[in-house]
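# Residue-level structure breakdown
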Amino acid sequence: MEAFFAYVLVFAAISGALASDPDLLQDLCVADFASGTKLNGYACKDAANITAADFFFQGLAKPVAPNNSVGSIPTVASVQKIPGLNTLGVSMARVDFVPGGLNPPHSHPRATEIAFVLEGELDVGFITTSNVLISKTIKKGEVFVFPRGLVHFQKNNGNKPAAALGAFNSQLPGTQSIAATLFAAMPEVPDNVLTKAFQIGTKEVDKIKSKFAPKKTD
């Protein structure tokens, strides 16, 4: 873990110079989620109401068991969980994988990500805008970088659980999962757009959409 925090410090120093979020103009601007003010980020909480809890989150400390079809689950430590991150331009996430689990192809439109393997071994990669795949197998203690906005993935091809931490140079990096974005959007992306883009029939589109439909509860 000491090595990881060293990486985070270096990343934070770099992101301070190249941050994608606006620079802060005061020491603190803890997010005031109750404010009706709309701006790029969140309005600041009154300084008299700031506490240590605004800068604390314990959700990354323990693994979370994935219970879904892809076999992975992210736990995000962004400004929405840590109000004190507002205007600071950093956040983190933990992803836990079952054996064979996949963090499906996705992108972060507002941040570069640096991933650190906590446990296990992951096959990771990103695709450039020239459709070139840059990929590698990374093991416990190793790091891989996913450039801002590029589609990327992580896959646990091992026979035991795996976990990774990601650090971002944005308080709210955003995540667009490619499959879910196209096949689970509301309102729906028209079938004739998807059939032409993927060169498949309407039946195939409907079948894929059904995989992303909310599960009915009794």
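Please refer to the structure higher up on the page.
Residues numbered from 1 in each chain as written. Predicted model: local features only at pLDDT ≥ 70, side-chain atom pairs only at ≥ 80, totals over all residues. Heavy atoms only, no water.

### Examining the pattern of salt bridges
Across all of its chains, the model carries five salt bridges by this definition. The residue Asp96 makes a salt bridge to Arg94 at a minimum N-O spacing of 3.1 Å. The class for Arg94 is buried, based on a relative accessible area of 8%. In this structure, the salt-bridge partner of Asp191 is Lys209, at a minimum N-O distance of 2.7 Å. Of the two residues, Asp191 sits in helix α3 (residues 191-198) while Lys209 sits in helix α4 (residues 202-212), which places them 18 residues apart along the sequence. By relative accessible area, which is 24% here, Asp191 ends up partly exposed. Through salt bridges with shared partners, one network takes in Glu188, Asp191 and Lys209. (Salt bridge = Lys/Arg side-chain N within 4 Å of Asp/Glu carboxyl O. Buried < 20%, exposed > 50% of the residue type's maximum accessible area, 1.4 Å probe, protein only. Helix = DSSP H or I, 4+ residues; strand = E, 2+ residues; numbered from the N terminus.)

### Concerning the nonpolar core
Membership of the largest hydrophobic core comes to 13 residues, with the highest contact counts inside it found for Phe97, Leu122, Val124, Phe126, Ile138, Phe144 and Phe146. Looking at this core, the elements with two or more residues in it are β2 (91-97), β4 (113-119), β5 (121-127), β7 (143-146) and β9 (162-168). For Val124, the contacting residues outside a window of four places in its chain are Ile134, Ser135, Lys136, Ile138, Phe144, Phe146, Phe153 and Gln154. Among the nonpolar cores identified, the runner-up in size contains ten residues, and Leu60, Val79, Leu85 and Ala163 belong to it. (Core = buried A, V, L, I, M, F, W, Y, C linked by side-chain atoms within 4.5 Å. Contact = heavy atoms within 4.5 Å.)

### Focus: the pairing of strand β8 (residues 151-155)
Pairing geometry for strand β3 (residues 102-107) and β8, over three bridges, is antiparallel. By the bridge assignment, Asn103 is partnered in β8 with Gln154. Sheet topology places β5 next to β8; five bridges connect them, and they run antiparallel. Bridge assignment links Val124 to a residue of β8, and that residue is Gln154. (Pairing = 2+ DSSP bridges.)

### Observations regarding the environment of Val90
Within the secondary structure, Val90 is located in the loop between β1 (72-77) and β2. Given a relative accessible area of 25%, Val90 falls into the partly exposed group. C-alpha separation for the pair Val90 and Pro173, spaced 83 residues apart in sequence, amounts to 8.7 Å.

### With respect to the packing of aromatic side chains
For the coordinates displayed, the defined rule picks out four aromatic pairs. Ring centres 6.1 Å apart and planes at 45° place the aromatic pair Phe126 and Phe144 in the tilted group. With Phe126 in strand β5 and Phe144 in strand β7, this residue pair connects regions lying 18 residues apart in the sequence. What makes Phe126 buried here is its relative accessible area of 11%. Using a relative accessible area of 11% as the deciding quantity, one classes Phe144 as buried. (Phe/Tyr/Trp six-rings, centres within 6.5 Å; stacked < 30°, edge-to-face > 60°.)

### Considering the pairing of strand β6 (residues 133-139)
Sheet topology places β5 next to β6; seven bridges connect them, and they run antiparallel. From the neighbouring strand, Ile127 faces β6, where its bridge partner is Leu133. Joining the antiparallel neighbours β5 and β6 is a turn of five residues, in which Asn131 adopts a positive phi near 65°.

### A word on the sheet that holds β2
Within the open sheet, the five strands sit side by side as β1-β2-β9-β4-β7. Their pairing is antiparallel. Each edge of the open sheet is held by one strand with a lone partner, namely β1 and β7. Neighbour-to-neighbour, the strand axes of the sheet open up by a mean angle of 25°, direction not taken into account. With six bridges connecting them, β4 and β9 associate as antiparallel partners. (Axes fitted to C-alpha atoms, helices over the stretch in contact; angles between N-to-C directions.)

### Regarding the packing of α3 against α4
Two numbers describe how α3 lies on α4: the axes approach to 9 Å, and their chain directions differ by 105°. As judged from the angle between their axes, α3 and α4 are roughly perpendicular. Every residue of α4 that contacts α3 at Asp191, Leu194 and Thr195 is listed here: Thr202, Val205, Asp206 and Lys209. In terms of residue class, the contact of α3 with α4 is built from two nonpolar, two polar and three charged. (Parallel < 35°, antiparallel > 145°, perpendicular 65-115°, else oblique. Nonpolar A, V, L, I, M, F, W, Y, C, P; charged D, E, K, R; others polar.)

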